[in-house]
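One letter stands for each residue in the lines below.
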Amino acid sequence: MWKKQAALALLICLTVVLLSGCAQEQTTYPDAGTAPTREPVRQADVLSQPTDAPQVVVDFPDDYNADAEPDELEDAGADTGYYAQVPVVNSKYAGSTPIPLDPVDMPTPTPRPDVEFEYETVSTALGYSMEVPVGWEIVQNDSSTFVMRDPVMRDNVNATFTLTSQNVSSSYRVNDLKSELTNRLNEIQRNYVGWRIWTADKRALLKSDGFFNAYRGEAYDGTVVRGLVHVALVNRSVVTLSFSAPGYYNTSYQRVYNKMRSTIE
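Residues numbered from 1 in each chain as written. Predicted model: local features only at pLDDT ≥ 70, side-chain atom pairs only at ≥ 80, totals over all residues. Heavy atoms only, no water.

### Here we look at the overall build of the protein chain
Here comes step 1: The number of helices and strands found in the protein chain is four helices and twelve strands.
Here comes step 2: Within the protein chain, the proportion of its 265 residues that are buried is 40%.
Here comes step 3: Taking contacts inside the protein chain between residues at least 6 apart in sequence as the whole, the part at least 24 apart equals 59%.
Here comes step 4: When the accessible area of the protein chain is evaluated, it comes to approximately 16,300 Å², of which 52% is carbon and sulfur surface. (Helix = DSSP H or I, 4+ residues; strand = E, 2+ residues; numbered from the N terminus. Buried < 20%, exposed > 50% of the residue type's maximum accessible area, 1.4 Å probe, protein only. Contact = heavy atoms within 4.5 Å. Areas by Shrake-Rupley, 256 points an atom, 1.4 Å probe, with all protein chains shown as cover.)

### As for the layout of surface pockets
Here comes step 1: Taken as a whole, the second largest pocket spans an internal volume of roughly 310 Å³.
Here comes step 2: Every residue lining the second largest pocket is counted, 17 residues in all, and those nearest its centre are Thr162, Ile188, Tyr215, Ser242 and Ser244.
Here comes step 3: At the level of elements, strand E7 (160-167), helix H3 (177-189), strand E11 (224-234) and strand E12 (237-246) are the ones that each hand at least two residues to the lining of the second largest pocket.
Here comes step 4: Ranked by the residues each element gives to the lining of the second largest pocket, the list is headed by E12, at four residues. (1 Å grid on protein atoms, 1.4 Å probe; cavity = no way out; pocket = protein on both sides within 12 Å on 5 of 7 lines; lining within 4 Å. Points joined across faces, edges and corners; volume = space filled by probe spheres on them.)

### Overview of the nonpolar core
Soluble, globular proteins show a tendency: their nonpolar side chains are buried together.
Here comes step 1: Core analysis: the largest hydrophobic core is formed by 29 residues, its most contacted members being Tyr128, Phe161, Leu163 and Tyr253.
Here comes step 2: Breaking this core down by element, the ones donating at least two residues are strand E4 (129-133), strand E6 (145-149), E7, E11, E12 and helix H4 (250-263).
Here comes step 3: In this view, leucine 163 contacts Leu126, Tyr128, Met130, Ser144, Thr145, Phe146, Val239, Thr240, Leu241 and Ile264; residues no more than four positions away in its chain are not counted.
Here comes step 4: Formed by 18 residues, the second largest nonpolar core is a distinct cluster that contains Val157, Tyr172, Leu177 and Ala200. (Core = buried A, V, L, I, M, F, W, Y, C linked by side-chain atoms within 4.5 Å.)

### Points about the environment of threonine 162
Here comes step 1: Topologically, threonine 162 is positioned in strand E7.
Here comes step 2: Between the C-alpha atom of threonine 162 and that of threonine 145, which follows or precedes it by 17 residues, the distance is 7.2 Å.

These figures capture arrangement, not role.
What follows is the structure, given as structure tokens:
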């Protein structure tokens, strides 16, 4: 009888040990509903964000020799659509994605004939006089701005020349003109979907130190515009001589700029 009781007791002990081992092997997993969630980012949301237009980056020379300055602005030639030497910005914006503007196999445009102008001296309300093309329209003439425009439209563009003067503080220095030139080019760039600039350089205006740079812009409709911005520190004023003209007549209008710069006084 006692053997049966001992066997039963041994069986109960084995059962208890087995159940304890199973209990230890159990693993508790956290509730899936408590795991942190991440907001999904849709591709459409990313593409819908606007992309800022690239800013103009203007390079300036480290040294300058005034005695070596040429008498006339070096002629950049007629517009051909190719400017490997100055590929600063060249993009067209469709939504937020930049698209190349000019393929490398773009055909060369038909050259335009040179345009010759006769000149006469005009006095401006700014206090300066210079030689300008005969027959051009005076759009604005006040104490801060003088604007002249070629009445003849060429390639959808009327060439426009602007002379401005802005007083600055006595702490303003010639090197501050670098930022001024960059800001002017940034403002002009907003009007175009294609944009390229040359290398900025020092150049005198009104016998005062200054900087200039040339640019090429292309509008949405394909119209090409070439121009130049020239800033100088004259006494305590920043004087700016600039122009925008039909790109394929660039050589002709550069000559007008050279004439106005060399005769202004």
